[in-house]
Amino acid sequence: MLELKKLYFTIQDDDVDIGAKRNIIDGIDFTFEKGKFYVITGPNGSGKTTLAKLIMGINPISSGSIIFEGKDISSLSITERAKLGIAYSFQQPARFKGITFRDLLAIATGNNDEKKFLEMVTRVGICPLSFLDKEVDARLSGGEIKKIELATTIAANPKLAIYDEPDTGIDLWTIGPMVSLLKKELTPKTTTIVVSHNRAFLDVADVIIIIDKGRIVYSGDLKSALPLLTDLSICTYHNNCERDKDVGCLR
Amino acid sequence: MLDALDKKLLKTVADLEGLPKGAYNIRKNGKLLDRQISANIDIETNADGTGIIVTIKPGTKNESVHIPVILSQAGLFDVVYNSFIIGEGAEVTIVAGCGIHCGTSESEGHAGIHDFQVGKKAKVNYVEKHFAMGEGSGRRTLNPTTKVFLDEGATAEMELTQISGVDEADRLNEATLGPGSLLLITERVLTEGEQRAESTNNIILQGSGSRANMISRSVMKGNSKQIFHANMEARAKCFGHIECDAIIMDNGTNETMPALKALHPDAELTHEASIGKIANDQLTKLMSLGLTYDQAVNRIIQGFLK
Ligand SMILES: Nc1ncnc2c1ncn2[C@@H]1O[C@H](COP(=O)(O)OP(=O)(O)O)[C@@H](O)[C@H]1O
Ligand SMILES: [Mg+2]
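About the cut-offs
Residues numbered from 1 in each chain as written. Chains lettered and ligands numbered in written order. Predicted model: local features only at pLDDT ≥ 70, side-chain atom pairs only at ≥ 80, totals over all residues. Heavy atoms only, no water. Helix = DSSP H or I, 4+ residues; strand = E, 2+ residues; numbered from the N terminus. Buried < 20%, exposed > 50% of the residue type's maximum accessible area, 1.4 Å probe, protein only. Contact = heavy atoms within 4.5 Å. Areas by Shrake-Rupley, 256 points an atom, 1.4 Å probe, with all protein chains shown as cover. 1 Å grid on protein atoms, 1.4 Å probe; cavity = no way out; pocket = protein on both sides within 12 Å on 5 of 7 lines; lining within 4 Å. Points joined across faces, edges and corners; volume = space filled by probe spheres on them. Nonpolar A, V, L, I, M, F, W, Y, C, P; charged D, E, K, R; others polar. Donors = N, O, S within 2.8 Å, 3.2 Å for Na, K, Ca; no water. Near = heavy atom within 4 Å. Polar contact = N/O pair within 3.5 Å; in protein donor to acceptor, adjacent residues only side chain to side chain. Phe/Tyr/Trp six-rings, centres within 6.5 Å; stacked < 30°, edge-to-face > 60°. Pairing = 2+ DSSP bridges. Axes fitted to C-alpha atoms, helices over the stretch in contact; angles between N-to-C directions. Salt bridge = Lys/Arg side-chain N within 4 Å of Asp/Glu carboxyl O.

With respect to the overall build of chain A
Okay, so step 1: Within chain A, the secondary structure is distributed over eight helices and 10 strands.
Okay, so step 2: A burial count over chain A gives 52% of its 251 residues as buried.
Okay, so step 3: When contacts within chain A are restricted to residue pairs at least 6 apart in sequence, long-range pairs at least 24 apart make up 66% of them.
Okay, so step 4: For chain A, the accessible surface area stands at approximately 12200 Å², while carbon and sulfur atoms represent 51% of it.

Encoded structure:
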C-alpha cells in the first residue's frame, strides 16, 4: 500500500566544510503491505522521524519517490496526503493557544458531533473525558499531549497511520492498552507504522524495521532483530563513527 | 427605533439581536437612544451631561447591563464619561462596546472614558468589543480609557476586544487593587492594512494579597502596527503576571514592553512575552489533519484571539 523508492533526504551540513552534503535518509527502498503492523526502531538521530515526515509530506524528498495505493504522492502537499488517508502523530506535538482537544477532534473528523467525540475518546480509552475541553497548550504534561496527539490521529480514521514514539512520557499502565488499541483494534483496518524502542510494541510487530544512519539495516521478525537491537542501542558515537575502521567501536 | 445598520453594529459589539434584557443604555451618534433601568441597577445621566452613572445595588446577583455605543454620523468624534459604582457583594456583567459605521470620507471616532468603583467582595465582569465598518474612506478612531478601583476582596474580569476595521486606537487601562482583590484582564487586538493600535496598562497592586493577571493577544496583518505597554507595580505582598503574545503576519510590526516594579519584599511578579510568526509546527499539525495552509492560518488566529 506504501512504496518507498530510492528515497533520499539530503541536507547541507553546517558542521562540515561549506558545501558538504549529508544524506539524512540515505536511499531507502521498502514496501509496506496493507493491514500490517510495522515498528521502526533504531538509534537516536538515525532518521526515523525524518522518514515519517517524508511520508507525511512535512519534509520534501530530495530524490526518489513515494507511492501510496498505486499513486505517486511524492509532490503532494501535507493536506493532500491527509485527504488521501495518511495521518501522522508527531514525536513532539504542537502546542497551541486557544485551541482545545475538542477543536482538534472537530478538525480531524470534519464534524462537531459531541456523541461521536465521547464515543471516540471512550474507545481510545487512554484519555479521560475531562480532556475534551482542555486547551492543547504549554500547560499540558508531556504524557497528556502525547495521548491527545494519538487520539487526533485515530480520529482522522486514516488508511495509513504513523505514530512517532507514541509512548514517550506515557505512564507504564497506559502502554499496554495503547499497544492493544493500535495493534488489535485498529490494525488491520489501518496500516500502522509505529516508531518506538519500546519492547511492548516490538513484541507485537508484524515486521520490525531497523534504521541506522538513514538506511534500513534490517527488516523482519523480532527474533532475528534482537541481536542487532542490542548492538545498536549501546552505540552513541554516531557523530564520530569511523565505520569499519573504528577500532574503539563495540560492534 | 433601531434601523438595520444599528442592529448589525449592536449584534457585532454586544451580541444583541434587538433590545437586551435587563438594564441598558444605548447611545447613538452622541445622544441617548434608549435606556432601561432595573430594580437593582440604576442608570442616570451625569451632572454635566457628558455620560452616565451606573449604580449597582449591594448584593445584586446575576444581572447584566448593556451600554453599547453606535456611531454612523460623518465627522463626529463622540467623547463620553461613564462611571460604574458596584455595591458591596454585587455580581454583575457589564457589556460595553462601540460599533462605528463610516460611510463618507469624513472621520469618525469615539472615546469612552470609564471608571469603575468595585465594592467590597463585589464581582464585575466587563466585556468590551470594538468594531468599525463601512465603505467610507474616513478614519475610524477609538480611544478608550478604563480606570478600575478594586476594594477589599473585589474581583474584576475584563475582556477587551478590538475585532476589525479600527484605523487608530489608543487605549489606557489603569487599575488599583485593594487587599485580597483580583484583576484579570484579557485584551485581544487584530489590526490590518495601515491600522495602528497602542495600549498602555498601568496596574498597581496596592493591597496585601492582591492578584493581577494581564493577558494580551495581538495579531498584526498587512502593514499594521501595535504597541503594548504593561506596567505592574507591587506595593504589598501580592502576585502579578503579564503574558503578552503577538503574531506577525505579512509586514506587521509590534513593540511589546512589559515592566515589573516590586516595592515590597514579598511581591511576586512575572512576565512572559513573545513576538513572532505563526509557529510552523502548529500549521503542520493542522494541515496533517486535512486543513489547507490558509484554513490552518485562520484556525490558529481564531483560537489565539478567542
Ligand atoms: N531539516 C533538517 N536539517 C538538518 N538536519 C536535520 C533535519 N532533519 C533532521 N536532521 C538531522 O537528521 C538526523 C536524524 O534526525 P531524526 O530523523 O529526527 O532522528 P530520529 O527520529 O531517528 O531520532 C539528526 O541528526 C537531525 O539533527
Ligand atoms: Mg525521532
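A look at empty space enclosed by the protein
Sizing a probe to match a water molecule and rolling it over the atoms shows the empty space that remains.
All names here are of chain B.
Okay, so step 1: This structure, assessed with the given rule, holds four cavities of 30 Å³ or more.
Okay, so step 2: Computed from the structure, the largest cavity encloses a volume of approximately 160 Å³.
Okay, so step 3: For the largest cavity, the lining is made up of 20 residues, of which Gln162, Glu187, Val189, Ala197 and Ser199 are closest to its centre.
Okay, so step 4: Residue classes in the lining of the largest cavity are distributed as eight nonpolar, seven polar and five charged.

Overview of the coordination of the magnesium ion (ligand 2)
For a metal with four tetrahedral donors the ideal donor-metal-donor angle is 109.5 degrees, while six octahedral donors give ideal angles of 90 or 180 degrees.
Okay, so step 1: Every protein donor of the magnesium ion (ligand 2) is accounted for by Thr49 of chain A (OG1) and Gln91 of chain A (OE1), and the metal-donor separations fall at 2.0 to 2.2 Å. Linking Thr49 of chain A in helix α1 (residues 48-56) with Gln91 of chain A in the loop between β6 (86-89) and α3 (101-109), this pair joins segments that are 42 residues apart in sequence.

Some words on the site of ligand 1
Residues and elements named next belong to chain A.
Okay, so step 1: Lining the immediate environment of ligand 1, one finds Ile11, Arg22, Ile24, Pro43, Asn44, Gly45, Ser46, Gly47, Lys48, Thr49 and Thr50.
Okay, so step 2: In this structure, an oxygen atom belonging to ligand 1 sits 3.0 Å away from a main-chain N or O atom of Gly47.
Okay, so step 3: Thr49 has a polar side-chain atom sitting 2.8 Å from an oxygen atom of ligand 1.
Okay, so step 4: In the complex, 61% of the free accessible area of ligand 1, which totals 560 Å², lies under the protein chains.
Okay, so step 5: Those elements that provide at least two residues to the shell around ligand 1 are β2 (21-32) and α1.
Okay, so step 6: Of the residues forming the shell around ligand 1, the biggest block, three residues, is contributed by α1.
Okay, so step 7: By residue class, the composition of the shell around ligand 1 is three nonpolar, six polar and two charged.

So, the packing of aromatic side chains
Residue and element names in this part refer to chain A.
Okay, so step 1: Counting across every chain of the model gives seven aromatic pairs over all chains.
Okay, so step 2: When the centroid spacing of 4.8 Å and the interplanar angle of 65° are considered together, the rings of Phe30 and Phe32 count as edge-to-face.
Okay, so step 3: Phe30 gets classed as buried once you look at its relative accessible area, which sits at 13%.
Okay, so step 4: Measuring from centroid to centroid gives 4.8 Å for Phe32 and Tyr38, while their planes differ by 75°, and the two rings are edge-to-face. The exposure classification of Phe32 matches that of Tyr38, with both residues buried.
Okay, so step 5: An aromatic cluster is defined as three or more aromatic residues linked by ring pairs; in this entry it consists of Phe30, Phe32 and Tyr38.

Notes on the sheet that holds strand β3 (residues 37-41) of chain A
Residues and elements named next belong to chain A.
Okay, so step 1: Spatially, six strands are ordered β6-β7-β8-β3-β9-β10 in an open sheet, and the strand pairing comes out mixed. Edge strands, defined here as strands with exactly one partner in the open sheet, are β6 and β10 (215-220). On average, adjacent strands in this sheet sit at an angle of 15° to one another, irrespective of strand direction.
Okay, so step 2: Pairing of β3 with strand β8 (residues 191-195), which is carried by four bridges, proceeds in the parallel orientation.

Examining the sheet that holds strand β1 (residues 23-28) of chain B
Residue and element names in this part refer to chain B.
Okay, so step 1: The 10 strands are arranged β2-β1-β5-β7-β9-β12-β14-β16-β18-β20 in an open sheet whose pairing can be described as mixed. Looking at the sheet topology across the chains shown, the edges are occupied by β2 (31-36) and β20 (267-276). On average, each strand axis in the sheet is tilted by 5° relative to the strand beside it, whichever way the strands run.
Okay, so step 2: Relative to β20, strand β18 (residues 238-248) is paired through 10 bridges, and the arrangement is parallel. Along β20, the bridge assignment pairs Cys238 with Ala267.
Okay, so step 3: Across the face of the sheet, helix α1 (residues 4-14) comes into contact with β1, β5 (63-71), β7 (91-101), β9 (123-133) and β12 (155-164) while running at roughly 135° to β7.

Details of the environment of Leu118 of chain A
Residue and element names in this part refer to chain A.
Okay, so step 1: Note on placement: Leu118 falls in helix α4 (residues 114-124).
Okay, so step 2: Measuring from C-alpha to C-alpha, the distance between Leu118 and Pro128 comes to 9.8 Å, with 10 residues separating the pair along the chain.
Okay, so step 3: Ignoring any residue separated from it by four or fewer positions in sequence, one finds Leu118 in contact with Leu129 and Leu132.

What about the pattern of salt bridges?
Okay, so step 1: Applying the stated rule across the entire model yields 34 salt bridges over all chains.
Okay, so step 2: With a closest N to O distance of 3.8 Å, Lys306 of chain B and Asp103 of chain A form a salt bridge. Of the two residues, Lys306 of chain B sits in the segment after α3 (293-304) while Asp103 of chain A sits in helix α3, which places them in two different chains.
Okay, so step 3: For the salt bridge of Glu198 of chain B with Arg196 of chain B, the shortest nitrogen-to-oxygen distance reads 2.7 Å.

A closer look at the layout of surface pockets
Okay, so step 1: Each pocket or cavity is described by its volume, and for the second largest pocket that value is around 410 Å³.
Okay, so step 2: Along the wall of the second largest pocket there are 16 residues; nearest its centre are Glu135, Asp137 and Arg139 of chain A together with Arg217 and Glu243 of chain B.
Okay, so step 3: Here the lining of the second largest pocket is composed, by residue class, of four nonpolar, three polar and nine charged.

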